[in-house]
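Overview (structure and organization)
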Amino acid sequence: MKEYEIYSDLRVPVNSKIIVRLDGRSFHSFARKMELVKPYDDNFYKVMVNVSKDLFEEFSPLFIYTFSDEISILLDNVPFNGRIEKINSVIASFTSSSFSINYNKEFSKPVAFDSRVIPINDDEILSYFKWRQDEAWKNCVNGYGIHFLKSKYSSEEANNKINGLNLSDIHELLFENGINLNDVETWKKRGIGVYRKNKEIKGFNKKEGREQISYRSFINVDCNLPIFSKEFFSSLF
Ligand SMILES: Nc1nc2c(ncn2[C@@H]2O[C@H](COP(=O)(O)OP(=O)(O)OP(=O)(O)O)[C@@H](O)[C@H]2O)c(=O)[nH]1
Ligand SMILES: [Mg+2]
């Protein structure tokens with residue numbers, strides 16, 4: 001019967017880095033049911049950060065990036081011999097379980113994340129994360145925009161109005177109404193990164209009778225990401 005498992009040999013190209021992107025299933029309804037604060041719910045973001053940390057500890061990636069209900073994981077050491085079915089199913093279920101444990105509140109329905117595998121060349125890593133960071137920015141402007149319009153108009157009118165506006169129109173509209181996106185926290189505009197960083201440890205070398213500095217790495221949650229650049233990624237790996 002094994003021959004019926006026709007997808008089990010589908011593998012990531014040998015020696016390729018991959019990005020696994022997870023996205024919460026129907027989180028629009030989840031947010032409504034759980035009455036998440038609009039446009040940004042601090043507790044929801046804390047949970048997404050904790051999920052990202054759990055993923056980091058479990059799969060030792062190079063970098064994790066999260067905003068809204070999505071998480072991108074850049075992996076150098078591809079797990080499960082590169083088997084796509086294994087990677088997608090294990091990482092998606094790990095993420096859903098971690099989300100449920102970290103959320104620590106009862107839901108009326110189990111949550112799920114979808115998962116996709118994207119083989120990536122070193123040259124394209126920056127473009128990929130810039131693309132997602134642009135989405136985070138659009139999400140931020142639209143989120144604040146619709147939230148403001150809904151405070152003035154019916155839901156339908158607000159949706160119609162926002163559809164006719166581009167990002168700079170929304171920025172302007174918010175500014176005219178006393179909401180300056182420049183003052184909004186960086187993580188809302190640029191997303192959150194999770195990566196290893198070195199910490200300086202001062203110790204005393206007894207043998208040599210002098211102070212000594214060593215480095216220990218820790219998992220850093222960066223809520224003040226810069227706009228992604230070549231320099232940012234070359235400082236990471
Ligand atoms: N209120 C609130 N909602 C949020 C927050 N973060 C994410 N969301 C919701 O999550 C949704 C994520 O967008 P999508 O992934 O495109 O929508 P989805 O409903 O999950 O649909 P699928 O991913 O296609 O299953 C947004 O539309 C928001 O409704 C938050 O901080 N507050
Ligand atoms: Mg989603």
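The structure this text deals with has already been given above.
Summary of the structure given here.

Conventions used here
- Residues numbered from 1 in each chain as written.
- Chains lettered and ligands numbered in written order.
- Predicted model: local features only at pLDDT ≥ 70, side-chain atom pairs only at ≥ 80, totals over all residues.
- Buried ≥ 20, exposed ≤ 12 C-beta atoms within 10 Å, placed from the backbone.
- Helix = DSSP H or I, 4+ residues; strand = E, 2+ residues; numbered from the N terminus.
- Pairing = 2+ DSSP bridges.
- Axes fitted to C-alpha atoms, helices over the stretch in contact; angles between N-to-C directions.
- Parallel < 35°, antiparallel > 145°, perpendicular 65-115°, else oblique.
- Left-handed = near helix turned anticlockwise from the far one by under 90°.
- Contact = placed C-beta atoms within 7 Å.
- Nonpolar A, V, L, I, M, F, W, Y, C, P; charged D, E, K, R; others polar.

Looking at the pairing of strand E2 (residues 63–67)
- Within E2, five of the five residues are buried, which leaves it mostly tucked inside the rest of the structure.
- Of the two faces of E2, the one holding Phe63, Tyr65 and Phe67 and the one holding Ile64 and Thr66 are both buried throughout.
- Summarising the sheet, E2 and strand E3 (residues 70–75) pair through five bridges and their orientation is antiparallel. Residue Ile64 lies in a different strand from E3, and its bridge partner there is Ile73.
- Counted along the chain from E2 to the antiparallel partner E3, the turn is two residues long, and its residue Ser68 has a positive phi close to 45°.
- Pairing geometry for E2 and strand E5 (residues 192–205), over three bridges, is antiparallel. Residue pairing across strands places Thr66 opposite Ile192, the latter belonging to E5.

Details of the packing of helix H4 (residues 125–152) against helix H6 (residues 167–176)
- Where H4 meets H6, the closest approach of the two axes is 10 Å, and the angle between their N-to-C directions is 50°. One finds that H4 runs oblique with respect to H6. Between H4 and H6 the crossing geometry is left-handed. Residues Lys138, Val141, Asn142, Tyr144, Gly145 and Phe148 of H4 lie in contact with H6, whose contacting residues are Leu167, Ile170, His171, Leu173 and Leu174.
- Its residues placed into classes, the contact of H4 with H6 shows seven nonpolar, three polar and one charged.

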